[in-house]
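A structural walkthrough
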Amino acid sequence: MKSNELLQSAEALLQIQPNATSILANASAFIMDTLTELNWAGFYLYDGKKLTVGPFQGKVACATIELGKGVCGESASTRTTRVVDDVLNYSNHIACDSNSRSEVVVPIIIKNQLFGVLDVDSPILSRFDSETVSFLEQFTKLLVKTIDI
Ligand code: SME
């Protein structure tokens, strides 16, 4: 399926979820199901001080991440998407799953407040090309629209 078709399916799925936990749980499953070559897809949520692990698909992950720490903490503190082509050569990477080789993190901002981040990992170097990153950013916009109603 093309990106725009995937986004339409995602919107239909997310709109019928009863609450934010359900939205995030099914969103992580949707990403894991529809993108290839991933080993982790999910959320870290901001509790006002730090990031804590939310709904995800993949191996057991670290429970908390300080702002600025790791790729997730960087994305959260700068409110920008971070793409790391080779996590083994990136000093500010927190290794949760030793299979991960590349990673993308997209911040989730609701009403100008940091809500959390979408974190996606791949066992393939440089997995996240501009098309995939753009898809994940648009997917995150859908999440914001769906959660923020
Ligand atoms: N690698 C992330 C930590 C979370 S796991 O990838 C699930 C980071 O550097 O922030």
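One structure accompanies this document, and this report is about it. (Residues numbered from 1 in each chain as written. Predicted model: local features only at pLDDT ≥ 70, side-chain atom pairs only at ≥ 80, totals over all residues. Heavy atoms only, no water.)

This next bit is on the sheet that holds strand β5 (residues 102–110). Strands belonging to one sheet form pairs held by backbone hydrogen bonds; the direction of such a pair is parallel or antiparallel. Pairing within the open sheet is antiparallel, and its six strands lie in the order β3-β2-β1-β6-β5-β4. Every other strand in the sheet has two partners, leaving β3 (64–66) and β4 (82–84) as the edge strands with one partner each. Averaged over all neighbouring strand pairs, the angle between strand axes comes to 25°, with direction disregarded. Strand direction decides the pairing type here: strand β1 (residues 40–46) and strand β2 (residues 50–58), joined by six bridges, are antiparallel. Paired with Y44 across the strands is V53, a residue of β2. Sitting on the sheet, helix α3 (residues 70–78) is in contact with β1, β2, β3, β4, β5 and β6 (113–122), with an inclination near 35° to β5. Relative to β5, helix α4 (residues 130–147) is tilted by about 30°, and along the sheet it contacts β1, β4, β5 and β6. (Pairing = 2+ DSSP bridges. Helix = DSSP H or I, 4+ residues; strand = E, 2+ residues; numbered from the N terminus. Axes fitted to C-alpha atoms, helices over the stretch in contact; angles between N-to-C directions. Contact = heavy atoms within 4.5 Å.)

The subject of this paragraph is the nonpolar core. Ranked by size, the top nonpolar core spans 28 residues in total, and within it I31, L118, V120, F135, L136, F139 and L143 carry the most contacts. Secondary-structure elements contributing two or more residues to this core are α1 (3–15), α2 (20–34), β1, β5, β6 and α4. If one sorts the elements of this core by residue count, α4 sits on top with eight residues. In this structure F135 touches S3, L6, L7, F30 and L35, once residues within four positions along its chain are discounted. In terms of nonpolar packing, the next biggest core, distinct from the first, is built from 13 residues, W40, A61, V84 and V87 among them. (Core = buried A, V, L, I, M, F, W, Y, C linked by side-chain atoms within 4.5 Å. Buried < 20%, exposed > 50% of the residue type's maximum accessible area, 1.4 Å probe, protein only.)

Before going further, it helps to spend a moment on the side chain of S100. Following the sequence through the fold, S100 ends up in the loop between β4 and β5. With relative accessibility at 4%, the residue S100 sits in the buried group. Side chain to side chain, S100 and N39 meet in a polar contact 3.0 Å long. Beyond its immediate stretch of four places on either side in the chain, S100 contacts N39, V87, D121, S122 and P123. (Polar contact = N/O pair within 3.5 Å; in protein donor to acceptor, adjacent residues only side chain to side chain.)

Enumeration according to the criterion identifies four salt bridges in this entry. Between K145 and E11 there is a salt bridge whose closest N-O contact spans 2.7 Å. Highlighted residues: K145 in helix α4 and E11 in helix α1, separated in sequence by 134 residues. With a closest N to O distance of 3.8 Å, E37 and R127 form a salt bridge. Of the two residues, E37 sits in the loop between α2 and β1 while R127 sits in the loop between β6 and α4, which places them 90 residues apart along the sequence. (Salt bridge = Lys/Arg side-chain N within 4 Å of Asp/Glu carboxyl O.)

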